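The residues making up each chain are set out below.
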Amino acid sequence: KLYEDADQSGDKVRWAARLAKVADEAGTAEELIRAFERRKRNNPTSILPLLALAEIHHVLNRYDDRRAALQEAIRRRPKDLSLRLKLARVEERAGDLERAVESLKAARKHDRTGATQRHLARLLFRYGDFEDALAILRESNDRKIDPRDAEDMAEVMVQEKEWEAASNYLAPIVVFDPNDY
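An account of the accompanying structure is given in this report. (Residues numbered from 1 in each chain as written. Predicted model: local features only at pLDDT ≥ 70, side-chain atom pairs only at ≥ 80, totals over all residues. Heavy atoms only, no water.)

1. Observations concerning the overall build of the protein
Across its full length, the protein holds 11 helices and zero strands. Each helix and strand of the protein, placed in order from N terminus to C terminus, yields the pattern α-α-α-α-α-α-α-α-α-α-α. For the protein, whose C-alpha radius of gyration is 20 Å, the value lies well above the compact-globule estimate of 16 Å for 181 residues. Once the C-alpha set of the protein is aligned to its principal axes, its extents read approximately 55 × 30 × 25 Å. (Helix = DSSP H or I, 4+ residues; strand = E, 2+ residues; numbered from the N terminus. Rg over C-alpha atoms; globule rule 2.2 N^0.38 Å.)

Pasting the structure below:
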C-alpha cells in the first residue's frame, strides 16, 4: 500500500528497499520478489518495477540479480544515460571492474558532457590500464571541463605516478582558464 501510494518514482524505489528489509526479516523476501516480478510483467514498458527489483536485490545482497534488473531496465530505455551510469556504479562498487568498464564504454555514446569518459579514464587508471585511459583522455574534448574535474583527473594520474601524463593532460586545459590553476 505504501509503495502504491508514493507519488514519485524515487519514493517508490525507496519504499521497495524498506519492504525488502522487512520481508528479509520476516522470511518473505521471495514472495516480495515474485510480486515485483509480476509488476514487471504487467507493465512491460515501465522501468519502475525493475528499479524496485534492483533495490530489493541490493538490500538482499544479490549482486547478479540487481545487475540483471538494471540491464533489463536499460533494454527498455537504451538511451537513458542515468541507468547506464547506475549499472556501472553498481558494478564498480561490487569490484566487478571489467563489467564497469564495459558499461561505461557503452554509456559514452549517450553522454555529450565528457563526464562518462573522465569516469571511464579514472577507472582505467585505477585498474592499471594506463594506455587506454590516456587514449580516452586524448580523444576527449576537455576544453570546457570544470577546473575541479580537471584537477581530480590529474590527481588520479599523479596517484598512479603518471607525472608526465598529468602534465600533458593539464597543459592545454590551463590555457583556457590560467587564473584558476
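From this point, the discussion proceeds with the structure in view.
2. Concerning the nonpolar core
Membership of the largest hydrophobic core comes to 24 residues, with the highest contact counts inside it found for Leu-32, Phe-36, Leu-51, Ile-56, Leu-70 and Leu-83. Those elements giving two or more residues to this core turn out to be α2 (9–26), α3 (29–42), α4 (48–59), α5 (63–76) and α6 (81–93). Examining the composition of this core, we find that seven residues originate from one element, α4, more than from any other. If we ignore the near neighbours within four places in the chain, the residues touching Leu-70 are Leu-51, Ala-54, Lys-86, Leu-87 and Val-90. (Core = buried A, V, L, I, M, F, W, Y, C linked by side-chain atoms within 4.5 Å. Buried < 20%, exposed > 50% of the residue type's maximum accessible area, 1.4 Å probe, protein only. Contact = heavy atoms within 4.5 Å.)

3. Some thoughts on the pattern of salt bridges
Side chains that differ in charge, positive against negative, can pair when their charged atoms come close. Here the structure, examined in full by the defined rule, presents 11 salt bridges. Arg-148 is paired through a salt bridge with Glu-151; the nearest N and O atoms lie 3.0 Å apart. With Arg-148 and Glu-151 both in helix α10 (residues 147–159) and three residues apart, this pair spans about one turn of that helix. A residue is classified by how much of its surface remains accessible, and Arg-148, at 39% relative accessible area, is partly exposed. Classification of Glu-151 by relative accessible area gives partly exposed; the value is 31%. Taken together, the shared-partner salt bridges in this structure form one network comprising Glu-37, Lys-40, Glu-72 and Arg-76. (Salt bridge = Lys/Arg side-chain N within 4 Å of Asp/Glu carboxyl O.)

4. Regarding the packing of helix α8 (residues 115–127) against helix α9 (residues 130–139)
Orientation of α8 relative to α9, taken along the N-to-C sense of each, is 160°, at an axis distance of 8 Å. Comparing their axes, α9 and α8 come out roughly antiparallel. Taken as a pair, α8 and α9 cross one another with a handedness that is left-handed. Contacts between α8 and α9 involve Gln-117, Leu-120, Ala-121, Leu-124 and Phe-125 from the first element and Phe-130, Asp-132, Ala-133, Leu-134, Ile-136, Leu-137 and Glu-139 from the second. Split into classes, the residues belonging to the contact of α8 with α9 amount to nine nonpolar, one polar and two charged. (Axes fitted to C-alpha atoms, helices over the stretch in contact; angles between N-to-C directions. Parallel < 35°, antiparallel > 145°, perpendicular 65-115°, else oblique. Left-handed = near helix turned anticlockwise from the far one by under 90°. Nonpolar A, V, L, I, M, F, W, Y, C, P; charged D, E, K, R; others polar.)

5. A closer look at the packing of aromatic side chains
Taken as a whole and judged by the stated rule, the model has one aromatic pair. Taken together, a centroid distance of 5.9 Å and an interplanar angle of 45° make the contact between Phe-125 and Phe-130 tilted. Judged by relative accessible area, Phe-130 falls into the partly exposed class, the value being 24%. Above the ring of Trp-15, the side-chain terminus of Arg-18 is found at 4.9 Å from the ring centroid. Of note, Arg-39 hangs over the ring of Phe-36, and the distance from its end group to the ring centre comes to 5.1 Å. (Phe/Tyr/Trp six-rings, centres within 6.5 Å; stacked < 30°, edge-to-face > 60°. Lys NZ or Arg CZ within 6 Å of the ring centre and 35° of its normal.)

6. Side note on α5
For α5, with 14 residues, the first-to-last C-alpha span of 20 Å sits near the 20 Å given by 1.5 Å per residue. Within α5, burial applies to Arg-66, Arg-67, Ala-69, Leu-70, Ala-73 and Ile-74. With its buried residues spanning 160° around the axis, α5 presents them on a single face. Residues Asp-64 and Arg-75 are exposed on α5 and point more than 90 degrees away from its buried face. (Expected span 1.5 Å × (residues − 1). Arc of directions from axis to C-beta.)

7. Section: the side chain of Thr-116
Within the secondary structure, Thr-116 is located in helix α8. In this structure Thr-116 comes out as buried when scored by relative accessible area, which is 2%. Within the structure, the side chain of Thr-116 is placed 2.6 Å from the side chain of Asp-111, a separation counted as a polar contact. The contact partners of Thr-116, leaving out residues within four places of it in the chain, are Leu-81, Leu-85, Leu-104, Ala-107, Arg-108 and Asp-111. (Polar contact = N/O pair within 3.5 Å; in protein donor to acceptor, adjacent residues only side chain to side chain.)

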